[in-house]
Amino acid sequence: MPPPSPPPATRFPISSASASASSAAARFFSASATPMEDAPRRSAQSPSPSSSSSSPKHLLSPDPSAAASSALTTTIPTVIDSAISTRPRKARRVSSDDASRKTPSSAPRLPVRVIPRPLSADGEIDVALRHLRASDPHLAPVIDSHEPPSLQCLHPPFHALARSILYQQLAFKAGSSVYARFLSLCGGEERVVPEAVLALTPHQLRQIGVSARKASYLHDLARKYHSCILSDAAIVSMDDKSLFTMLTMVKGIGAWSVHMFMIFSLHRPDVLPVGDLGVRKGVQMLYGLEEVPRPSQMEQLCEHWRPYRSVGSWYMWRLVEAKGTPTLASSSAEGGTLDMADMGGGTMQQPQLIDPVQMLPGLG
């Protein structure tokens, strides 16, 4: 008599509660065990081969333990993939190119240098006089005693610089004579250009009274124009500081020559020729000082004249002239003018001193 067959497997419907339990179990085992470690557990819970083979219908019946095992095997890779996808990304390495890209606010700002309006501009002299009267009560009577300066530009920058070199260390009459012969040698005022000056030999310049040293100064100025280190357009567009630096690179042109050029040729409003003896003597008279102020003291004494120190300097020449003292210019011989024997206001032993107002054109 054959053994009785096992009772049919009972079907257990999978409720939402059991599905939630399966999902919770899957998350628990994903954190504590790998799928390989779960394999023995699943094999222990699954039915034996003999019982499966005895009833083919058993393969189609849903077993709760089999459903949980199936949910576990399908959930673990999903959890692992989710963990991998949510892993924090590596920080991107910043290259040197990225570091060099700065926002406009963090980039260093270059100083903006603005070229002031020239004194020859309409109404600029009137503005300067109102400022000087208000800022310096000592200067107001001097302004009222003299006509205001009248500035005009007679020559282009190269011509004016060459002319200032010719007049260096000469009295006005002697300088005028040499300058007239120089114009004739060049072919007229319109021909005073770098090419014409370069074509003149030191011997030709010597014949008209120009020393060998001054001839080398003229040629150095012309060469810097010829090589485009300097040009009339560049000189006019430079700010005061850059212009001073560039012009003092020319042999024979020093601080005093540059200051005179900036005042009388370019009409720059805020130039203080601290090395000019006439201006220093005028400051001594204006403020009743016991001694002529040193160049290092001039900046502080005339600070309240800014931004019209050129006009204040012009009135210092007029003040000295009205007192019967000639307005004499002085600076170092290297810069093209002369050292004074007595800088304290005593007698001056150099006869070749010149009046800057007479030497440079454009001042009325």
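Below, the structure is looked at part by part. Just so it is clear, the structure is predicted and the values come from calculations on it, not from any experiment.

**A closer look at the overall build of the protein chain**
Item 1. Within the protein chain, the regular secondary structure consists of 19 helices and 0 strands.
Item 2. Sequence-distant contacts in the protein chain: of pairs separated by 6 or more residues, those separated by 24 or more amount to 67%.
Item 3. Here the protein chain displays about 21000 Å² of accessible surface, and carbon together with sulfur accounts for 58% of that area.

**Looking at the layout of surface pockets**
Item 1. In this structure, the second largest pocket encloses a volume near 200 Å³.
Item 2. Secondary structure elements with two or more residues in the lining of the second largest pocket: helix 14 (240-247) and helix 15 (255-264).
Item 3. Counting residues per element, the lining of the second largest pocket draws most heavily on helix 14, which supplies 3 residues.
Item 4. Along the lines of polarity and charge, the residues of the lining of the second largest pocket split into 5 nonpolar, 1 polar and 6 charged.

**Quick look at the packing of aromatic side chains**
Item 1. Under the counting rule described, the total for this entry stands at 5 aromatic pairs.
Item 2. Summarising the aromatic geometry, the rings of Trp-314 and Tyr-315 are spaced 5.0 Å apart at their centres and angled 90 degrees between planes, so their arrangement reads as edge-to-face. Exposure class is identical for Trp-314 and Tyr-315. Each is buried.
Item 3. Joined through ring pairs, the aromatic side chains of Tyr-167, Phe-172 and Tyr-179 make up one cluster.
Item 4. Against the face of Tyr-179 rests Arg-163, its NZ or CZ located 4.8 Å from the ring centre.
Item 5. Note that Arg-318 overlies the ring of Trp-314, its terminal NZ or CZ placed 5.1 Å from the centroid.

**Concerning the packing of helix 8 (residues 157-167) against helix 12 (residues 212-226)**
In helix packing, the relevant descriptors are the interaxial angle and the interaxial distance, both defined with respect to the helix axes.
Item 1. Running from amino to carboxyl end, helix 8 crosses helix 12 at an angle of 165 degrees, the nearest separation of the two axes being 9 Å. One element, helix 8, and the other, helix 12, form an angle in the roughly antiparallel class. The way helix 8 lies across helix 12 gives a crossing that is right-handed. Note on element contacts: helix 12 touches helix 8 through Lys-214, Tyr-217, Leu-218, Leu-221, Ala-222 and Tyr-225, opposite Pro-157, Phe-158, Leu-161, Ala-162, Ile-165, Leu-166 and Tyr-167.
Item 2. Here the contact of helix 8 with helix 12 is composed, by residue class, of 12 nonpolar, no polar and 1 charged.

**Some words on the environment of Pro-118**
Item 1. Of note, Pro-118 is situated in the loop between helix 5 (96-100) and helix 6 (124-135).
Item 2. Spatially, the C-alpha atoms of Pro-118 and Arg-268 are 5.2 Å apart, while their sequence positions differ by 150 residues.
Item 3. Leaving out residues up to four positions away in the same chain, Pro-118 has contacts with Glu-124, Leu-266 and His-267.

**Description of the environment of Ser-216**
Item 1. Examined against the element boundaries, Ser-216 turns out to sit in helix 12.
Item 2. Relative accessible area serves as the criterion here: at 29%, Ser-216 is assigned to the partly exposed category.
Item 3. Taking the C-alpha atoms as reference points, Ser-216 and Pro-202, separated by 14 residues in sequence, lie 7.8 Å from one another.
Item 4. A polar contact of 2.5 Å, which involves the side chain of Ser-216, links it to the backbone oxygen of Arg-213.

**Overview of the pattern of salt bridges**
Item 1. Across all of its chains, the model carries 10 salt bridges by this definition.
Item 2. Linking Arg-117 and Glu-124 is a salt bridge whose minimum nitrogen-to-oxygen distance equals 3.4 Å.
Item 3. For Arg-117, a relative accessible area of 46% corresponds to the partly exposed category.
Item 4. The exposure class of Glu-124 is buried, given its relative accessible area of 8%.
Item 5. Arg-318 serves as the salt-bridge partner of Glu-321, at 2.9 Å between the closest nitrogen and oxygen. Separated by 3 residues within a single helix, Glu-321 and Arg-318 lie in helix 18 (residues 309-322), roughly one turn from each other.
Item 6. Among the charged side chains, a network of salt bridges with common partners joins Asp-270, Glu-299, Glu-303, Arg-306 and Arg-309.

What counts and what doesn't
- Residues numbered from 1 in each chain as written.
- Predicted model: local features only at pLDDT ≥ 70, side-chain atom pairs only at ≥ 80, totals over all residues.
- Heavy atoms only, no water.
- Helix = DSSP H or I, 4+ residues; strand = E, 2+ residues; numbered from the N terminus.
- Contact = heavy atoms within 4.5 Å.
- Areas by Shrake-Rupley, 256 points an atom, 1.4 Å probe, with all protein chains shown as cover.
- 1 Å grid on protein atoms, 1.4 Å probe; cavity = no way out; pocket = protein on both sides within 12 Å on 5 of 7 lines; lining within 4 Å.
- Points joined across faces, edges and corners; volume = space filled by probe spheres on them.
- Nonpolar A, V, L, I, M, F, W, Y, C, P; charged D, E, K, R; others polar.
- Phe/Tyr/Trp six-rings, centres within 6.5 Å; stacked < 30°, edge-to-face > 60°.
- Buried < 20%, exposed > 50% of the residue type's maximum accessible area, 1.4 Å probe, protein only.
- Lys NZ or Arg CZ within 6 Å of the ring centre and 35° of its normal.
- Axes fitted to C-alpha atoms, helices over the stretch in contact; angles between N-to-C directions.
- Parallel < 35°, antiparallel > 145°, perpendicular 65-115°, else oblique.
- Left-handed = near helix turned anticlockwise from the far one by under 90°.
- Polar contact = N/O pair within 3.5 Å; in protein donor to acceptor, adjacent residues only side chain to side chain.
- Salt bridge = Lys/Arg side-chain N within 4 Å of Asp/Glu carboxyl O.

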